[in-house]
Amino acid sequence: MSLVSFWQAPSNIAIVKYWGKYGIQLPCNSSISLSLEAACTQTKVEVLPLSGKGTEVHFYLDGERKESFETKIWTLLHLLGDDCRFWKEHSLRISSSNTFPHSAGIASSASGMAALALCLLDLEFKFREQERPLNFFQIASSWARLGSGSACRSLFGGFVSWGKAEGLNSSLEEGAPLPFQVHSVFKGMKDAILLVDQAEKKVSSTIGHGLMVDHWFSERRFLQAEAHTQRLLSILKEGDAEGFVELTEAEALSLHAMMMTSASNYLLMRPNTIAVIEEIRAFRKQTGLPVCFTLDAGPNIHLLYPATIENRVKTLIDNLTQDFCLGKNLIDSMGTGPVELNSKE
Ligand code: PMV
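About the criteria used
Residues numbered from 1 in each chain as written. Predicted model: local features only at pLDDT ≥ 70, side-chain atom pairs only at ≥ 80, totals over all residues. Heavy atoms only, no water. Core = buried A, V, L, I, M, F, W, Y, C linked by side-chain atoms within 4.5 Å. Buried < 20%, exposed > 50% of the residue type's maximum accessible area, 1.4 Å probe, protein only. Helix = DSSP H or I, 4+ residues; strand = E, 2+ residues; numbered from the N terminus. Contact = heavy atoms within 4.5 Å. Phe/Tyr/Trp six-rings, centres within 6.5 Å; stacked < 30°, edge-to-face > 60°. Lys NZ or Arg CZ within 6 Å of the ring centre and 35° of its normal. Domains from an automatic or database assignment. Buried area = accessible area lost by both parts, 1.4 Å probe. Salt bridge = Lys/Arg side-chain N within 4 Å of Asp/Glu carboxyl O. Axes fitted to C-alpha atoms, helices over the stretch in contact; angles between N-to-C directions. Parallel < 35°, antiparallel > 145°, perpendicular 65-115°, else oblique. Left-handed = near helix turned anticlockwise from the far one by under 90°. Nonpolar A, V, L, I, M, F, W, Y, C, P; charged D, E, K, R; others polar.

If you look at the biggest cluster of nonpolar residues, it comprises 38 residues, and the most contacted ones within it are Phe-86, Leu-92, Ile-94, Leu-116 and Leu-120. At the level of elements, strand E1 (4-16), strand E4 (31-49), strand E5 (57-61), helix H1 (67-80), strand E7 (90-98), helix H2 (108-127) and helix H3 (136-147) are the ones that each hand at least two residues to this core. No other element matches H2, which puts 12 residues into this core. Dropping the residues within four chain positions of it, Leu-116 is found in contact with Thr-43, Val-45, Ile-73, Leu-76 and Ile-94. Formed by 29 residues, the second largest nonpolar core is a distinct cluster that contains Leu-34, Leu-195, Ile-235 and Leu-304.

Structural data, given as structure tokens:
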């Protein structure tokens, strides 16, 4: 029996944002994201004999032990309860690395928790001497969600939903790919991540989700997100590139508006975030090209555009990168989802 599991999972960028949760990591609204191709986490879990102290979990990021991550892993293991038992008789050595730089404006918790969930689930089946079931990725999605909500969408490629709504295959507990072929306009969609600021997050997403509980506008926000989810499904089916631009930017600004209007209000956009947004809008007006921005819970811009106009957007990206973004960007695109890696590597 193999005592090692090694998986790669992608990060994702939400188009309709998840912001606000209840119970055990259940979302207050449906969300839809795009899984990335290049921005991934690779995680190897090695199962070792029990130490004299019982189960020990050692986590290494790029070869360096990170005890702060171990607390998060313990929380996940406990939340999994009896669904994941093998670790109770063993110790774990978990080695992880990201294919993108730290604080690059990419959610490493999503790709990290997705890759870890895949390893744990794979090992659990190995220890139970059971074949992987057909719904292996769905189960892994529900496990990843317990570690970080948005991670449950990183178990699949392309456009992925999370939440329960008409026209979605996902549920509150797990993500799922959209149940139809998206229009060719959106195939291979590009995401250029423009690094406005590389400082650590000022406010964690756990605190941000918490501030939605007594927020003046949360009820309306959740309704807006459900309406946007339904509208995005039509946009993606019909190939409505202009509709995509309008909805994507409205979602990004709504997410930040929630932060700015919460009880302990805070602002994650930086002056250059606004400058880049205005440049993108001016470029769009001038050229008529369907380029748009979205934001995660941070100041960096994700510039989204169809792969077919890549050459025409290159100058815009180069200029924005030079003028407002510390000379740094990362150009990614729609990805195909997790892959199992060779555990002998
Ligand atoms: O998965 P969490 O708890 O880190 O929440 C992340 C939420 C956003 O990234 C801001 C939006 C989303 O849907 O991914």
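So, about the packing of aromatic side chains. Aromatic rings in a pair are described by how distant their centres are and how their planes are angled relative to each other. With the rule as written, the count across this model stands at nine aromatic pairs. Between the aromatic rings of Phe-136 and Phe-137, the centroid separation amounts to 5.4 Å while the plane-to-plane angle is 90°, which identifies the pairing as edge-to-face. Accessibility expressed as a relative area gives 2% for Phe-136, which makes it buried. By relative accessible area, Phe-137 is classed as partly exposed at 29%. When the ring centre of Phe-69 is taken as reference, the NZ or CZ atom of Lys-72 above it lies at 5.4 Å. Sitting over the face of the ring of Phe-180, Lys-237 holds its NZ or CZ atom 4.8 Å from the ring centroid.

Let us look at the domain arrangement of the chain. Entries for the chain in the domain assignment read domain 1 (3-181) and domain 2 (184-333). Summarising the inter-unit geometry, the C-alpha centres of domain 1 and domain 2 are found 24 Å apart. Between domain 1 and domain 2, the contact holds 35 residues from the first and 42 residues from the second. In this assembly, domain 1 packs against domain 2 so that about 3200 Å² is buried in total across both faces, 67% of it on carbon and sulfur atoms. Linking domain 1 with domain 2 are zero salt bridges.

Let us look at the packing of H1 against H3. Contact geometry of H1 with H3 gives a least axis separation of 9 Å together with a crossing angle of 130°. Considering their axes alone, H1 and H3 lie oblique with respect to each other. Here the hand of the crossing between H1 and H3 comes out right-handed. Taken together, the residues of H3 that come into contact with H1 (itself represented by Leu-76, Leu-79 and Leu-80) are Trp-143, Leu-146 and Gly-147. Considering only residue class, the contact of H1 with H3 consists of five nonpolar, one polar and no charged.

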